[in-house]
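Here are the chains, one letter per residue:
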Amino acid sequence: MHLGIDASNLRSGGASTHLSELLKAAEPLEHGIARVFVWGGRDILDRLQGREWLESVHEPMLDGPLPMRVLWQQSRLARLAKKAACDLLFVPGGTYLGGFKPFVTMSRNMLPFDFSQVRLYGVSAKVIRFLLLRLSQTKTLRKADGTIFLNDYTRARVVGKVSKLSGPDAIIPHGVSARFRATPKRQKTLSAYSKSEPFRLLYVSTVEAYKHQWHVAEAVSKLAHEGIPVSLELVGHAHPPALKRLRRVVRRLNAEEYVHYRGPVPHAELPLVYSRSDAFVFASSCESQPNILLEAMTAGLPIACSNQGPMPKILGDAGIYFDPEDPEEIASVLRHLIASPDAREKYSSMAYERVQKYTWERCADETFSFLRKIV
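The sections below set out a description of the structure shown in this document.

Okay, unusual backbone geometry next. Between Lys101 and Pro102 the backbone carries a cis peptide bond, its omega angle lying at -5°. Tracing the sequence through the fold places Pro102 in the loop between strand E4 (88–91) and strand E5 (103–107). Its identity is not glycine, yet His212 carries a phi of approximately 60°, on the positive side. Secondary-structure assignment places His212 in the loop between strand E8 (199–204) and helix H8 (213–225).

See below:
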């Protein structure tokens, strides 16, 4: 059996991490898959490790902007898959409107299916993009011979919007790399921190309207004005309007001394960023499966987390929760976490144990088993 993988719209972030880690952990020969072909741009192909059964095919059009990548997918992909004698096409990017059959897709982007979150973008080009994504992904899901969901939460909400899938589906969560693994630290009392050595909160995520970084900044500012020695480090790419709002809030609060936006950090360097932090905060209100949350759990950090989306199902009782759009509630939760070393120790240990089931080996085995089943 030959498998083709469409990596045409995988450039960075969780989707590219998923594919690179999936193929690193995969043993397709055990599932009767002799060859795997991946078509993609240079960015994603450079992240893939060489395997004897893997053929990475660089397509120059996929280094270009979105219209070029869409054109390539519609005009060339089916022909290339047939030429490679593929028995199945896997489309982890979520959208495929070409003519090759059979194919399996993934549902990994909840935002186009949640208008309560789309409205946060107001009247903008992003809203149009989300609407187009919803149309294309709905059509893909209705046409696919199989669909992979990341958890029950995502499946229930997406299927409710799509109405009907044309093929079987499976729930296969992502894994988390072992390089993030760090045994939970012995927690210090609040008196051990000072203005020069503050309690270091970390929030890793793209600055976006539904990530609510400015609400977290406002909460941290409130704690700092109460005399609590605390700082917040924000790491990740940024949507320009959201970053502008964040900076405006930080200036208004005069919080530049203890709220720092660091910008993006290479994925390979993130374990060090986690290790230098005392606790993690995650304030997103819309996710499929937040890999960043899994990383923080693996890094042994106590976590204060949004009570929306699939987060409570993933973190369970191994964290403390807040309404991500309520700065007062965020401040109250963070105040409790910072003041209580016993709570921090309990949550970090429970989260570390809970995340052990999320391995890339498990993800790869279940994914290739499902792909083989479809054929």
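With that out of the way, let us pick up H8. In an α-helix, one turn spans 3.6 residues; hence positions three or four apart end up facing the same way. Between the first and last C-alpha of H8 there are 18 Å, a value that for 13 residues agrees with the 18 Å anticipated at 1.5 Å per step. Against E8, strand E9 (230–235), helix H9 (240–252), strand E10 (259–263), strand E11 (279–282) and helix H13 (327–339) lie the buried residues of H8. Two residues or fewer after H8 comes Gly227, characterised by a positive phi angle close to 95°.

Take the sheet that holds E8 next. If you walk across this open sheet you meet the 6 strands as E10-E9-E8-E11-E12-E13, and the pairing is parallel. Sheet topology places E10 and strand E13 (320–322) at the edges, where each strand pairs with a single neighbour. Neighbour-to-neighbour, the strand axes of the sheet open up by a mean angle of 25°, direction not taken into account. Examined bridge by bridge, E11 and strand E12 (residues 303–306) share 3 bridges and lie parallel to one another. Looking at the pairing, Phe282 lines up with Cys305 of E12. Relative to the sheet, helix H11 (residues 291–298) contacts E8, E11 and E12, its axis offset from that of E12 by approximately 165°.

By the definition in use, this model includes 7 aromatic pairs. For the pair Tyr96 and Phe103, a centre-to-centre distance of 5.1 Å together with 75° between the ring planes defines the contact as edge-to-face. The residues Tyr96 and Phe103 share a single accessibility class, namely buried. With a centroid separation of 5.2 Å and 70° between ring planes, the pair formed by Tyr121 and Phe130 is classed as edge-to-face. Grouped by ring-pair contacts, the aromatic residues Phe180, Tyr274 and Phe280 constitute a single cluster. Positioned above the aromatic ring of Phe37, the side-chain terminus of Arg35 is 5.7 Å from the ring centre.

A probe as big as a water molecule, rolled over the atoms, marks out the empty space that is left. Counted as a void, the second largest pocket has a volume near 230 Å³. Taken together, 13 residues line the second largest pocket, and the ones lying closest to its centre are Leu150, Asn151, Asp152, Pro173 and Tyr358. Within the residue set of the lining of the second largest pocket, elements represented by two or more residues are helix H7 (152–162) and helix H12 (311–315). Looking at the lining of the second largest pocket residue by residue, the class counts come to 7 nonpolar, 2 polar and 4 charged.

Together, Ile128, Leu132 and Leu135 line one region of the surface with nonpolar side chains, adding up to about 330 Å² of accessible area. Inspection of the secondary structure puts Leu135 in helix H6 (residues 125–143).

Remark: helix H1 (residues 13–25) packs on helix H15 (residues 360–374), axes separated minimally by 8 Å, with the N-to-C direction vectors making an angle of 85°. Taken as axis vectors, H1 and H15 run roughly perpendicular relative to one another. Contacts between H1 and H15 involve Thr17, His18, Glu21, Leu22, Leu23 and Ala25 from the former and Trp360, Glu361, Cys363, Ala364, Thr367 and Phe368 from the latter. Among the residues forming the contact of H1 with H15, the class breakdown is 7 nonpolar, 3 polar and 2 charged.

Cut-off values and rules
- Residues numbered from 1 in each chain as written.
- Predicted model: local features only at pLDDT ≥ 70, side-chain atom pairs only at ≥ 80, totals over all residues.
- Heavy atoms only, no water.
- Helix = DSSP H or I, 4+ residues; strand = E, 2+ residues; numbered from the N terminus.
- Expected span 1.5 Å × (residues − 1).
- Contact = heavy atoms within 4.5 Å.
- Pairing = 2+ DSSP bridges.
- Axes fitted to C-alpha atoms, helices over the stretch in contact; angles between N-to-C directions.
- Phe/Tyr/Trp six-rings, centres within 6.5 Å; stacked < 30°, edge-to-face > 60°.
- Buried < 20%, exposed > 50% of the residue type's maximum accessible area, 1.4 Å probe, protein only.
- Lys NZ or Arg CZ within 6 Å of the ring centre and 35° of its normal.
- 1 Å grid on protein atoms, 1.4 Å probe; cavity = no way out; pocket = protein on both sides within 12 Å on 5 of 7 lines; lining within 4 Å.
- Points joined across faces, edges and corners; volume = space filled by probe spheres on them.
- Nonpolar A, V, L, I, M, F, W, Y, C, P; charged D, E, K, R; others polar.
- Patch = residues over 30% accessible without salt bridge, like charges linked within 9 Å, V, L, I, M, F, W, Y side chains within 5 Å.
- Areas by Shrake-Rupley, 256 points an atom, 1.4 Å probe, with all protein chains shown as cover.
- Salt bridge = Lys/Arg side-chain N within 4 Å of Asp/Glu carboxyl O.
- Parallel < 35°, antiparallel > 145°, perpendicular 65-115°, else oblique.

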